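Topology and contacts: notes
As a plain string of letters, each chain reads:
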Amino acid sequence: MTHPQIWHLSDTRQSLVFISENQGLPQVAYWGAPLVGADLGAIAQAHRMDVTGGMLDENPALSICPEAAAPFPGQAGLRLRALDGKILLPRFRLDSVTESETALKFAYRDGGLRYFAEFTINPHTHMISAQARLTSDAPVHLDWLAAPAFPAPQLSDEMIDFTGRWIGEFQMQRNPWRAGIHARDNRTGRTGHEHFPAILLPARGATNTQGEVWALHYGWSGGHGMIAEELPDGRRQIQFGHAPQSELAPATSFETAPLYAVFSSHGLNGCATAYQRHLRDEIVTWPHPDRPRPVHYNCWEAVYFDHSLPELKDISTHAAGLGAERFVLDDGWFGRRDDDTSSLGDWAINSRKYPDGLAPLIDHIHGLGMTFGIWFEPEMVNPDSDIYRAHPDWALGAKDQVLGRQQMVFDMALAEVRDYLYTQIAAVLSAYKIDYVKWDHNRVLPHSDAAQAHGTYALLDRLRSDFPEVEIESCSSGGGRIDFGIMARTQRVWLSDSNDALERLRIQHNAALFLPMAVTGSHVGPRQCHTSGRVIDIRMRAWVAAARHMGFEMDPRELTEDEAGVLRDVTTWWKANRNWTTRADILRLDSADTAVIAEQQLAQDGTRFVVFAGKADTSDQILPRPLRLTQLDPTAQYRITLRNRGDAVGLSRGMPALKAGDLVLTGQYLMSHGLNLPWSFPLTMWVIEGERL
């Protein structure tokens, strides 16, 4: 046996150590806290495991692409067939390695097949990106290609991944580690409300604020597969890739999306801040990075399809008076679109609703000092549309397929489809001063097809190139397409179609594990929520929206004078603070009261913070438990202000200090004991500001 080859990729947060035996594919022998001055040869020796009865004489490597021919006792990282259907079982051997301080590039070969893997580490965000590519001299069928496989920790009792539904995205679910496979197979053709492509691996005892956590996110919008597997020998692996068998055509080259991985020794929050910063600072491209994020107004829940120029002018005037800075015209402005049964794909302005085009509305909105945005759903087509009648062959799937929201899906792999959509969208963007597009996607695909996501990416890239000043929001019936792949082409996500502040509180809290404030749209909805029927006080609705990229989505004319005053006040606060909160780290707090969902937004320089403490239910105990803060300077003094102390209700009969005035407390006290807050009803929010003295 030759001496193993060893490579080390690290920053101040973490180390990755790779080991390769006999020129084979490398395995990740160590992923965790940074190794300083370590003897890598000794680590290679220490990594070698014992063998006992019932096993092979050597343990097959849990490599970055586990090989069925090894023979590896678990799930292989590559499943490949020749054109005649024969299963191919390559055994790759090293071709070359390219090293730099922040990257490793591996190239391996077996005959006409070549395997490439690249790992990079970002020293600013501490994010590891890993990606795999396969090439073949002859066309082959690909059933599965995993992004480079990572080991999972042994001192972990459970894994956390995500499920959800429409108006109920980002639901965290915990599953115990056990022998065998926990698999996710997303065949919807989009990221999905149900399948956010990520997994969190907490070490025993880890919480939001403390302990070791490993995290991975697959940056792909076309449906994914995920495997979390414990082998009979106890080793564990994580694999992510495009949905199995979603590459429908044989080809000579295949590539995974980037897999974003990070280790944290500061609980879930350490992973969250890495993802938030990496998405905001390294992935999203901002047309105007120095401009403040504008307060949105979206007209959907005010008018739906019933567009009337006088009504929209009146609504926009009221919205501007409340503090809105961008007006978004939603579905209903094109074709013969009076409901959801027709006209998708016919992107000509509805001359009955807008006889003079959109100019009168846009001019009015610009006159109010707002910018203008517009809704499209480019990938979808109604059977009742002129374009479908002319080109039924442009629709993906069978003609007798079950429709979704009365619509079918364009075959985005077809260049002629992309050209048509580009021409239609570009005509509208060229004719008017539009700075924002809400890009929707309201149904799953008739079958899983990776070419759809590639085609959508190509169309988005072309539009972004030709209209670089236009921001794009990714909406998919709310949060059905949120991932780092789509975010490389957009600047905002519509997190959920639910404007229910209670539902939003939870969804936003969990989504903050990956999404920063700057991209996370959150709107103040109607007094009675259109998706839940709940009636929630304007204070709760406004502060929940103010915790993210703020907007309104009600008919503003329904507001009472008091409600309008509250909304103007909260909006003014949001504008006054957005320059620092846009770049703040969102830290989930460990609440001693399960009824309280709380987070702390901490400025990157540590000089200030704001805490949003939402009461989602009635507490078990009669008085609030202290709320502990996190990541403060333990020796520093902080001035603490209860921003909305005037919202205290009559049943709060005592006088806790924050109810009467400001407090100055040390960071150690705030982190070890926490804040005593006034008693409050469910469906209320306390907002606490902190400033380091």
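Everything discussed here concerns the structure shown above.
My aim in this report is to walk through the structure given alongside it, one point at a time. (Residues numbered from 1 in each chain as written. Predicted model: local features only at pLDDT ≥ 70, side-chain atom pairs only at ≥ 80, totals over all residues. Heavy atoms only, no water.)

**Overview of the pattern of salt bridges**
One pass over the full model with this rule turns up 46 salt bridges. The partner of Glu-21 in a salt bridge is Arg-48, with the nearest N and O atoms 2.9 Å apart. Of this pair, Glu-21 sits in the loop between strand E2 (15-20) and strand E3 (27-32) while Arg-48 sits in the loop between helix H1 (40-47) and strand E4 (78-81), placing them 27 residues apart in sequence. The partly exposed category is assigned to Glu-21, whose relative accessible area is 23%. A relative accessible area of 47% places Arg-48 in the partly exposed class. Among the ionic pairs, Glu-473 bridges to Arg-492, the shortest N-O distance being 2.7 Å. You can see Glu-473 sitting in strand E26 (residues 471-474) and its partner Arg-492 sitting in strand E27 (residues 492-494), a full 19 residues away along the chain. Just as Glu-473 is buried, Arg-492 falls in that class too. (Salt bridge = Lys/Arg side-chain N within 4 Å of Asp/Glu carboxyl O. Helix = DSSP H or I, 4+ residues; strand = E, 2+ residues; numbered from the N terminus. Buried < 20%, exposed > 50% of the residue type's maximum accessible area, 1.4 Å probe, protein only.)

**A short note on the packing of aromatic side chains**
Throughout the structure, instances matching the rule amount to 36 aromatic pairs. Geometrically, the ring pair formed by Phe-170 and Phe-196 is tilted, given 4.8 Å between the ring centres and 45 degrees between the ring planes. Here Phe-170, found in strand E12 (residues 168-176), pairs with Phe-196, found in the loop between strand E13 (180-185) and strand E14 (198-202); they are 26 residues apart in sequence, far enough to count as distant. By relative accessible area, which is 3% here, Phe-170 ends up buried. Seen in terms of ring centroids, Tyr-297 and Phe-327 are 5.6 Å apart; in terms of plane orientation they differ by 35 degrees. Their pairing is tilted. You can see Tyr-297 sitting in strand E20 (residues 296-298) and its partner Phe-327 sitting in strand E21 (residues 326-329), a full 30 residues away along the chain. The burial state of Tyr-297 is the same as that of Phe-327; both residues are buried. The rings of Trp-7, Phe-18, Trp-31, Phe-106, Tyr-108, Phe-119 and Phe-150 are connected pair by pair, giving a single aromatic cluster. Taking the ring centre of Trp-494 as reference, the NZ or CZ of Arg-504 above it sits at 4.4 Å. (Phe/Tyr/Trp six-rings, centres within 6.5 Å; stacked < 30°, edge-to-face > 60°. Lys NZ or Arg CZ within 6 Å of the ring centre and 35° of its normal.)

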